[in-house]
Every structure is written in C-alpha cells, then in structure tokens.
Amino acid sequence: RRRFRTHRRAIEAILTQGDLAPTVKTAGISPVPRALPPAWTERSRTQSVLALLALLGSCSVVGCIHRRHNLPHRDSTERAKPMPIARSEPAAPRAEVAEPGAASSPHTAHKLASTQIDGADFPDGVLALTWDDGPDRHTLELAHYLRKQHVSATFFVVQAWSPGVSSYPGYGPSVQNTGYARIPVLRQLVELGHRVGNHTLHHVYLAGVDGARARTELATEQHALAPFESDELSLFRVPGGAWNRTVADEESAAPNLDELVGPIRWDVDRKDWESSIRCDSTEPELECEAWRGGQRLKPKVTAARYLESISKARHGIVLLHDRVADVGSRYALDVAHALLPALIARGFVFAAPVLGFSPLSERLSASAQNALANADIRNWTFVDKNADGRADLCKHEASGWTCLPSTAAPDTARDGVPKTMFGAATRVASHPEVPPLEGSRECTLQLGPSARLADVDGDGRADCCALTQRGVSCARAHGSSFAAPELWSADQNFSAAPAGAALLFGDLNGDLRADVCAYHSGVVACALSNGSSFTSATVWARPGVLPPGGRLALADVNGDARADLCVLETGLVSCGVAP
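The present account deals with the structure reproduced in this document.

Next up on the list: the overall build of the protein chain. Counting its regular elements, the protein chain contains 14 helices and 33 strands. Within the span of the protein chain, comprising 579 residues, buried residues form 57% of the whole. Surface summary for the protein chain: the accessible area is close to 23200 Å², and the carbon and sulfur share equals 52%.

This is the structure in structure tokens:
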C-alpha cells in the first residue's frame, strides 16, 4: 500500500504537469499545456497510470487500481472505455465567382502534432459529429439516417478487432465480427456524404506500444483508407485519446504519415459507450432498462445527456460511438434517432472536425494546360456539363461549350488519395446559355449590383443577398418577389470588407443551404447558414494577392456536394477542397 501511494502521487503529478497532460492545438495558436479537462476521463487517467506502472513492474499495484476503480482486468474480451450529403437534385448550374489565391490552409496548422485538436474555436452553433470504433452492424443504417437529416458526419474506423491485440473490444458474441474488413461499407459511407478517418488498424492504445508498432497501426490503416478520402483530408483520432509527445515525435518522423491531420480530440462526451452496458443513474427506475440480466441507461436518456452538454458548450466536436460496448446492438442508432432531431430543432449546423479548405494546389493536367495558356480566364466558369455531380471548367461560345472535365486520379505522393484534376479540353454538344436565375433583376434592384442569388434557407428557392454597411443582408424568396431584407450576419469579417465587395455562396457542409464566404485583407472567411442566419465567420483560407484578372470561385469540383474553393488565373487553376 505504501508503494502504491508513493507511485500514485508521482504518476498523477506527471499526468497533471508532464507530457501526458492533454493540450489543445487550434489554428494559429501555439499549443499550451493546460489542466486536465472533463473529457480527460478517469478511464483515460487510469489507462495512463496503468501504462506507467507496467513500466515500473508494479503488477500487484495494477490489481489494486482495478479493484479501486471497479474496472475489469484488461484482456481481449472486456473493455471499460471511458457527416456533405449527396444531393438528390442536380447541382446549381453555375458557381458564384468573385473578383479579388495560391492559398495556405488552416489544415496546415493541424498536421500530425503532439497536441490534440478540439473544437474550442468553432463558432457557436457549429458541431462536428464523430462516431468511433466501427463499422458495426448498424453503421450503414446510421449513415443513411444522417443523410436523410442532411447531416455530414465523420466516422473514425477500425479495420479489424483482434484478440490480444485490440484495446478493450467490448462485449457480446459479435465482438470479432466488426471492422471494415468484416463489414466493408467505407465506399457507401463516403457516397452518403460522410468522411472516414484513421482510428488505427486494430484499435490499439498507441501510448502503450513501441514506436514501430504505432507506425504500423497508423500507416497500414492509412493506406487502406486513402482511396476513400475524396476530400483529400486524412483525419485521425487515437483510441482513448492516448497520445503524448513521445508518440507524436516518433510518428511525425515517418514520411508516410506526414499528411495525417490530428489527432482529433473532442469537446463533448457523455459516455454512450459505457451507457450501453451500465446503469449510471440516481434514478434507475426512470432512466434505465433491463439488459442481459442487469440494467443499462436508456438510449433516450443518453441522448438527453448529450443534448444537455452540447447546449451548454454551444459548439465543438462531439464524441459518439457507432460500435458501443454492447457490440452489434442498435444502441448507437437509437441514441442518434433521439439526439439528431433535438439538435436540428435548436438550430445547430454540422461540419467537419476541421474548418477550412485543403491547401490550394494546381489542378490542370498536362493535357489541359494548353487550353488555358493564353485564355481570358473571365470567359471560363464552373458548370457540371456531363451531369456527374462534379463541376467542370467550361467556356461557352456560339458554337457550343468547351470544357475541361473534372476527374479524380490517385495521388502517388499521398499513398493513393484521390486528387481532383481537370482533364483535356472536350467539345460539348451545343446547348443554350444557362439563363440567370429567375428574379436576378429584382434582386439587383433591391440590394444593389453586388447582390447574389443563393438558397440560404434551404427551401429550394433562390434568395437575394448582398454585403451592406452592416454586414450580410438577405431578402428571402417570397412567391414571385423577395421579402424585406434582413441582417443575416454582422460579423466583422464581412462588415469590414470593402463596400460593394462580392460575396461567394456555396454549400460548404452538404446540408442543402448556401453558406457565405468573403475575401478581404488576404483571407477568405466563411460562415455557415442555419436557415435563418449565418454563424460567426472563421478563416477557411489565406490567399495571396491575385494578378490582374484573377478570380476566386466556389464550386463542387470533387462531387461530394460540398463547395470547394478555386483560384483562376491565366494558365493556372488551383483549388482547395472543402472538408
């Protein structure tokens, strides 16, 4: 007992002050260690204590800790573990384009790091919903439900669960029958508008293994996920949040891991994993239900706890599990059915764990460069001329269209991650010029020459918006006319923009509502629509100064129903993909 108390005091001092104390990294802010947040659970704390005690050879003490915290011993069968929607209708025929790009990206501040990324700097009302540990039996059903709700989520997936290898695999007869090796649904998840992220190959706590093993877990998993990362974003989250500077330093030296963005931490976790097998309640007769001879928390109670915490936090990254402790059950799906409508009713919008376009990069193939070598870029626009959901770069002439089709090819420099490129120029059968949206003249008369048409409230009708002295004002479509303008955003990123500056509109998060971006002072700031206003704006890209005639445009060039940012110059087209 004396040895245990001595070791525990020393270890907790390390946890609170040393390398294992979690820190948070956000774009443009130097990482600063901070006190253990609520998300750093007793389970996570115990895991780190156990790892250190194992190094000290204190096996007898491990037993003491398991009894003290009423945790099962760590083995291969038990665990005490602490979404753009593809449009059904065709895309808008034209992208919004503004005069006053190669840009740096907020993503570059999030590469593999010793600190974990959270959503502390998200605007109020913006959530990133993330599900861990799957796929499980009902993951695809969950993904379909999210799509119906116009919610884009991120699934941090595991290839396989292996006895004696995987950390805390859960309970039930189907424990080993999960993971995408057994349930191959990655392509369907992406086609439904969701993201997939790296959660290690076998769900291994990286802080408890050597560097070579950690690299294998991350690199092999990343190689398998690369073909499904159409947004060119390689997200990863470590199981249990078990990450420290030692692991980060070892893994960042691996060249095949240098494009990983993370680790992605979380801001809200109400323990859906544990709740699926335990009744943690002061009112069990009301909040719990029978489960395998005991009790567990009702899914609707777990959802209510998430809703309470999210409402208090007002923004951030939410940790959920599509593979809960009761492996193979509907518990996660039932929680989502109770939680999602309540979040939507409260006006939350849903985005990726990282807000920002990928770094702008050249998108013209060698065969396409000749078409734009001496071209007047003002005559080219983004139009999906072949109805494949991807915006092509086209020029309309009296004899028809000339288009550079958008395609995707594996990027060999990034382990096969699909990279969107524009191919050789092709002639498209003559079509009439796409007419301006009905009401454009009335829109200009109401809000001035810089006004733009965009469906900002998601009702399928184009509204009229413009940058005014107070910020962004919008007049909603009302029958054959527009209602009186209302202020949708007074954010200084918009109000400080030059008078008359053109706004860019596009659906950045796949919820069928047009979001808004503006360029000024060297940055592109964007805000998401909740259907009645825009959230606060954040920097999504940092363009350089464009040459004369250069333009910025929002267009869905990779076909995931989320608008991407492109810079058009004579002989050069660069794009950054929306997350």
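A few words on the pairing of strand E28 (residues 515-520). A large share of E28 lies buried, amounting to six of its six residues. Residues Asp-515, Cys-517 and Tyr-519 point to one face of E28 and Val-516, Ala-518 and His-520 to the other, with burial holding for every one of them. Relative to E28, strand E27 (residues 504-506) runs antiparallel, the two sharing three bridges. For Phe-505, the partnering residue across the bridge sits in E28 and is Val-516. Pairing of E28 with strand E29 (residues 523-527), which is carried by five bridges, proceeds in the antiparallel orientation. The residue bridging His-520 from the neighbouring strand is Val-523, located in E29. Here E28 folds back onto E29 in antiparallel fashion, the turn holding two residues, of which Ser-521 has a positive phi close to 55°.

Applying the stated criterion across every chain, the model contains six disulfides. Note that Cys-279 is cross-linked by a disulfide to Cys-288, the S-S spacing being 2.0 Å. Across the S-S bond linking Cys-279 and Cys-288, the dihedral sits near 80°, which makes this disulfide right-handed. Cys-517 shares a disulfide with Cys-526; S-S distance 2.1 Å. Classification of the bridge connecting Cys-517 and Cys-526 rests on its S-S torsion, roughly 105°, and on that basis the disulfide is right-handed.

So, about the packing of aromatic side chains. As enumerated under the stated definition, the model contains six aromatic pairs in all. Ring geometry for Tyr-168 versus Tyr-205: centroids 5.7 Å apart, planes at 90°, classification edge-to-face. Of this pair, Tyr-168 sits in the loop between strand E6 (154-157) and helix H5 (186-191) while Tyr-205 sits in the loop between strand E7 (195-198) and helix H6 (211-225), placing them 37 residues apart in sequence. Each member of the pair, Tyr-168 as well as Tyr-205, carries the same accessibility label: buried.

So, on to the environment of Asp-463. Relative to the helices and strands, Asp-463 resides in strand E22 (residues 463-467). The sequence separation of Asp-463 and Ala-514 amounts to 51 residues, and the corresponding C-alpha distance is 9.7 Å. The residues contacting Asp-463, other than those within four sequence positions of it, are Arg-452, Leu-453, Ala-454, Asp-455, Val-456, Asp-457, Ala-475, Arg-476, Ala-477 and Phe-482. Among the polar contacts made by the side chain of Asp-463, one reaches the main-chain amide nitrogen of Val-456 at a distance of 3.0 Å.

Take Tyr-145: it is sitting in helix H4 (residues 139-148). Assessed through its relative accessible area of 11%, Tyr-145 is described here as buried. Distance from Tyr-145 to Ala-336, taken between C-alpha atoms, is 8.7 Å for residues 191 residues apart in sequence. Tyr-145 has contacts with Ala-336, His-337, Leu-340 and Pro-341, leaving out every residue within four places of it along the chain.

Below, the discussion takes up the sheet that holds strand E26 (residues 486-489). Hydrogen bonds along the backbone pair up the strands of a sheet, which may run parallel or antiparallel. Across the sheet, which stays open at both edges, the four strands sit in the order E21-E22-E23-E26 with antiparallel pairing between neighbours. The open sheet is flanked by strand E21 (452-454) and E26, the only strands paired with a single partner. When the angles between neighbouring strand axes are averaged without regard to direction, this sheet yields 40°. Bridge count for strand E23 (residues 472-475) against E26 is three bridges, and the pairing is antiparallel. Of the residues in E26, the one forming a bridge with Val-472 is Ser-489. Contacts from helix H13 (residues 440-447) reach E21, E22 and E23 within the one sheet, and its direction differs from that of E22 by about 35°.

Formed by 44 residues in total, the largest nonpolar core has its most connected members in Leu-129, Trp-131, Phe-155 and Leu-343. Listed by contribution, the elements that provide at least two residues to this core are strand E5 (126-132), H4, E6, H5, helix H10 (299-313), strand E12 (316-321) and helix H11 (331-345). In terms of residue count, the dominant contributor to this core is H11 (nine residues). Those residues within four positions of Phe-155 in sequence are excluded, and the remaining contacts are Trp-131, Thr-139, Leu-142, Ala-143, Leu-146, Leu-189, His-194, Arg-195, Val-196, Gly-197 and Asp-322. Membership of the second largest hydrophobic core comes to 33 residues, among which are Leu-235, Trp-266, Leu-554 and Leu-565.

A few words on the pattern of salt bridges. Counted by the stated rule, this structure contains 18 salt bridges. Arg-330 serves as the salt-bridge partner of Asp-334, at 3.5 Å between the closest nitrogen and oxygen. Close ionic contact of Asp-457 with Arg-476 constitutes a salt bridge, the shortest N to O distance being 3.8 Å. Here Asp-457, found in the loop between E21 and E22, pairs with Arg-476, found in the loop between E23 and strand E24 (477-478); they are 19 residues apart in sequence, far enough to count as distant. The class for Arg-476 is partly exposed, based on a relative accessible area of 27%. Taken together, the salt bridges that share partners define one network made up of Glu-289, Arg-292, Arg-296 and Asp-326.

Between its terminal C-alpha atoms H6 stretches 21 Å, which fits the 21 Å expected from 15 residues at 1.5 Å a residue. Taken together, the buried positions of H6 are Gly-211, Ala-214, Glu-217, Leu-218, Ala-219, Glu-221, Gln-222 and Leu-225. The opening residue of H6, the one whose side-chain oxygen lies 3.2 Å from the backbone nitrogen of Ala-212, is Asp-210.

The rules we used
In this convention, every chain numbers its residues from 1, walking through the sequence in written order. At least 70 in pLDDT is required for a residue's local features to be given in this predicted model, at least 80 for side-chain atom pairs to be given and counted, and no such filter applies to totals for whole chains, interfaces and linings, which use all residues. Side-chain measures were taken over the full set of non-hydrogen atoms in the model, leaving aside hydrogen atoms and water. Put simply, DSSP marks the helices as runs of H or I at least four residues long and the strands as runs of E at least two long, and each gets a number from the N terminus on. Under the scheme applied here, a residue whose accessible area is under 20% of the maximum for its type counts as buried, over 50% as exposed, and between as partly exposed, the area being computed with a 1.4 Å probe on protein chains only. For the accessible areas, the method is Shrake-Rupley and the probe is 1.4 Å, while residue cover comes only from the protein chains on display. For two strands to pair, DSSP has to find at least two bridges joining them. Whenever a pair of cysteine sulfur atoms sits within 2.5 Å, that pair is classed as a disulfide. Any two of the Phe, Tyr and Trp rings considered here, Trp counted by its six-membered ring, make a pair once their centres fall within 6.5 Å; the pair's planes then place it as stacked at under 30 degrees, edge-to-face at over 60, or tilted in between. Residue contacts are defined here by distance: any two heavy atoms, one from each residue, within 4.5 Å place the two residues in contact. Polar contacts, as used here, are pairs of N or O atoms within 3.5 Å; protein pairs need one atom able to donate a hydrogen and one able to accept it. Residues neighboring in sequence count only if both atoms are side-chain atoms. Note on geometry: axes are C-alpha line fits, over the in-contact stretch for helices, and angles between N-to-C directions span 0 to 180 degrees. Side-chain atoms within 4.5 Å link the members of a nonpolar core, which is a set of buried Ala, Val, Leu, Ile, Met, Phe, Trp, Tyr and Cys residues. Salt bridges, as used here, are contacts in which a Lys or Arg side-chain nitrogen is within 4 Å of a carboxyl oxygen on Asp or Glu. Multiplying 1.5 Å by the residue count of a helix minus one yields the expected span of that helix.

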